[in-house]
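# Tertiary structure, described
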Amino acid sequence: MKIAIAADHGGYELKQIIHPFLLSLGYEVKDFGAFELDNADDYPDFIVPMARAIAAKEFDRAIAICGSGVGASVAANKIAGVRAALINEHFSAHQGVEDDNLNMLCLGGRVTGYMAAQELIVAFLNARFTGAERHLRRLQKVHLLEK
Ligand code: RB5
């Protein structure tokens, strides 16, 4: 599985922790930055290029981190084909994939501790979209909004 990760300064520290964590689990990882801690950087500069790449299916899943996870999810969901959500608890980390075919997990680097983040990431990456007819129907209605 190919995983993309990106963060602004608010998520930089957590990204630096989850990158080796993902490698240790055997995932192929591409880091879209930030590559240094710069308190003046802007989350769209890192999240949007990654969002375009996941929308183009260059990766299987993406993980976006800013301070709260809010800005990352707002920016990412502007890109057609991205289904991003800010997740703070375990149930939604897997149910968001199973029902809503979530392809981008957004985390708050200033909100979620690194052990909890790792558990959310594992739940997200291990989950699979069920493909149930009712979920496909709902997603098709969402997809029509992108036209
Ligand atoms: C940056 O200070 C912070 O606003 C950003 O990381 C993020 O939390 C936005 O939603």
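The coordinates are above.
Residues numbered from 1 in each chain as written. Predicted model: local features only at pLDDT ≥ 70, side-chain atom pairs only at ≥ 80, totals over all residues. Heavy atoms only, no water.

### Considerations on the overall build of the protein chain
Counting its regular elements, the protein chain contains 6 helices and 5 strands. In sequence order, the secondary structure elements of the protein chain are arranged as β-α-β-α-β-α-β-α-β-α-α. The C-alpha atoms of the protein chain give a radius of gyration of 14 Å, which matches the 15 Å a tight globule of 147 residues would have. Its C-alpha atoms give the protein chain principal-axis dimensions of about 45 × 30 × 25 Å. Considering the protein chain as a whole, with its 147 residues, one finds that 48% of them fall into the buried category. Here the contacts in the protein chain between residues at least 6 apart in sequence split such that 69% fall between residues at least 24 apart. In the protein chain, which carries 15 positive and 18 negative side-chain charges, the distance between the mean positions of the two groups comes to 10 Å. (Helix = DSSP H or I, 4+ residues; strand = E, 2+ residues; numbered from the N terminus. Rg over C-alpha atoms; globule rule 2.2 N^0.38 Å. Buried < 20%, exposed > 50% of the residue type's maximum accessible area, 1.4 Å probe, protein only. Contact = heavy atoms within 4.5 Å. Lys, Arg positive; Asp, Glu negative; His and termini not counted. Charge placed at Lys NZ, Arg CZ, Asp CG, Glu CD.)

### Here we look at the layout of surface pockets
The computed volume of the largest pocket comes to approximately 180 Å³. As for the largest pocket, its lining consists of 13 residues, of which G10, E13, L14, G109 and R110 are closest to the centre. With 7 residues, helix α1 (residues 9–24) is the largest single contributor of residues to the lining of the largest pocket. Considered class by class, the residues forming the lining of the largest pocket number 5 nonpolar, 6 polar and 2 charged. (1 Å grid on protein atoms, 1.4 Å probe; cavity = no way out; pocket = protein on both sides within 12 Å on 5 of 7 lines; lining within 4 Å. Points joined across faces, edges and corners; volume = space filled by probe spheres on them. Nonpolar A, V, L, I, M, F, W, Y, C, P; charged D, E, K, R; others polar.)

### Describing the site of the ligand
The local shell around the ligand consists of D8, H9, Y43, C66, G67, S68, V70, G71 and R110. Contact distances for the ligand include 2.6 Å between an oxygen atom and a side-chain N or O atom of D8. At 3.2 Å from an oxygen atom of the ligand is found a side-chain nitrogen or oxygen belonging to H9. If the ligand stood free it would expose 290 Å²; the protein chains cover 70% of that surface. (Near = heavy atom within 4 Å. Polar contact = N/O pair within 3.5 Å; in protein donor to acceptor, adjacent residues only side chain to side chain. Areas by Shrake-Rupley, 256 points an atom, 1.4 Å probe, with all protein chains shown as cover.)

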